[in-house]
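Observations on the three-dimensional arrangement
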Amino acid sequence: QVQLVESGGGLVQAGGSLRLSCAASGRTFSSYGMGWFRQAPGKEREFVATINWNGGRTTYADAVKGRFTISRDNVKNTLYLQMNSLKPEDTAIYYCASAAGYGVGLAPGEYNYWGQGTQVTVSS
């Protein structure tokens, strides 16, 4: 059974930083692409960042480019999202997801396993 467990969310002031983690189990972590998505109240889930199986390729949403960094540790089976210069509009529940393939993926349909999410709240 595949499990993805996010942690690291919380309340932070605008301009601050947080690092999210996603611990994976139940499948060969290093064989699959991974991604971060977020969902704000009243909005659809949106793509944040994705990374391929070995970390050699990453893609970011324009809204977070230059502020967020996605990375992975295939020994620890853990995905990370370093978030700097946070803005109130970054407030959302953040979800990690495991892709169906080894590459990057920008659409939710490219992922077949999801975590339960972690809340990130940025105050102004």
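For the structure, check the block above.
Heads up: these notes are all about the structure in this document.

Each value, and the rule that gives it
Chains are numbered independently. Their residues run from 1 in the order of the written sequence. Reporting of local features is limited, given that this is a predicted model, to residues whose pLDDT is at least 70; pairs of side-chain atoms are given and counted only at 80 or more, and all residues count toward the totals for whole chains, interfaces and linings. To get the side-chain values, all heavy atoms of the structure are used, and hydrogens and water are removed first. Numbering goes from the N terminus for both helices and strands, where a helix is a DSSP run of H or I of at least four residues and a strand is a run of E of at least two. We call a residue buried when its accessible area falls under 20% of the maximum for its residue type, exposed when it is over 50%, and partly exposed in between, using a 1.4 Å probe and counting protein chains only. Contact between two residues is taken to exist if any of their heavy atoms lie within 4.5 Å; hydrogens are not considered. Only the protein chains shown count as covering a residue, and every accessible area follows the Shrake-Rupley method with a 1.4 Å probe. Residues scored as positive are Lys and Arg, those scored as negative are Asp and Glu, and His as well as the terminal groups of each chain are ignored. Throughout, a charge is located at the NZ atom of Lys, the CZ atom of Arg, the CG atom of Asp or the CD atom of Glu. Centres within 6.5 Å are what make two rings of Phe, Tyr or Trp a pair, Trp counting through its six-membered ring; a difference in plane orientation under 30 degrees is then read as stacked, over 60 as edge-to-face, and the rest as tilted. Placement of a positive charge over a ring is assigned whenever Lys NZ or Arg CZ falls within 6 Å of the ring centre and within 35 degrees of the normal to the ring plane. Here the nonpolar core consists of buried residues drawn from Ala, Val, Leu, Ile, Met, Phe, Trp, Tyr and Cys, with membership extended through side-chain atoms lying within 4.5 Å.

1. Brief notes about the overall build of the protein
Each helix and strand counted, the protein has 0 helices and 11 strands in total. For the protein, the spread of C-alpha atoms along the three principal axes comes to 40 × 25 × 25 Å. Looking at the protein as a whole, 42% of its 124 residues are labelled buried. A separation threshold of at least 6 residues defines the contact pool for the protein, and within that pool the share at least 24 residues apart is 59%. For the protein, the exposed surface amounts to about 6,200 Å²; the carbon and sulfur share of it is 47%. Across the protein, the centroid of the 11 positively charged side chains sits 5 Å from that of the 8 negatively charged ones.

2. Notes on the packing of aromatic side chains
Across all of its chains, the model carries 4 aromatic pairs by this definition. Look at Phe-37 and Phe-47: their rings are 5.8 Å apart centre to centre, the planes differ by 75 degrees, and that puts the pair in the edge-to-face class. Remark: Phe-47 occurs in strand E5 (residues 46–51) and Phe-37 occurs in strand E4 (residues 34–39); sequence separation between them is 10 residues. Accessibility assignment for this pair places Phe-37 and Phe-47 in one class, buried. By way of ring pairs, the aromatic residues Phe-37, Phe-47, Tyr-111 and Trp-114 are connected into one cluster. Against the face of Tyr-32 rests Arg-27, its NZ or CZ located 3.5 Å from the ring centre.

3. Here we look at the nonpolar core
Nonpolar side chains tend toward joint burial in soluble globular proteins. In this structure, Trp-36, Leu-79, Leu-81, Met-83 and Tyr-94 are the most contacted members of the largest nonpolar core, which totals 31 residues. Put simply, the parts of the chain that give this core at least two residues each are strand E3 (18–25), E4, E5, strand E7 (68–73), strand E8 (78–83), strand E9 (92–99) and strand E11 (118–123). Looking at which element gives the most residues to this core, the answer is E9, with 5 residues. In contact with Met-83, other than residues within four places in its own chain, are Gly-16, Ser-17, Leu-18, Leu-20, Arg-67, Phe-68, Tyr-94 and Val-120.

Don't take any of this as a statement about function, it's just geometry.
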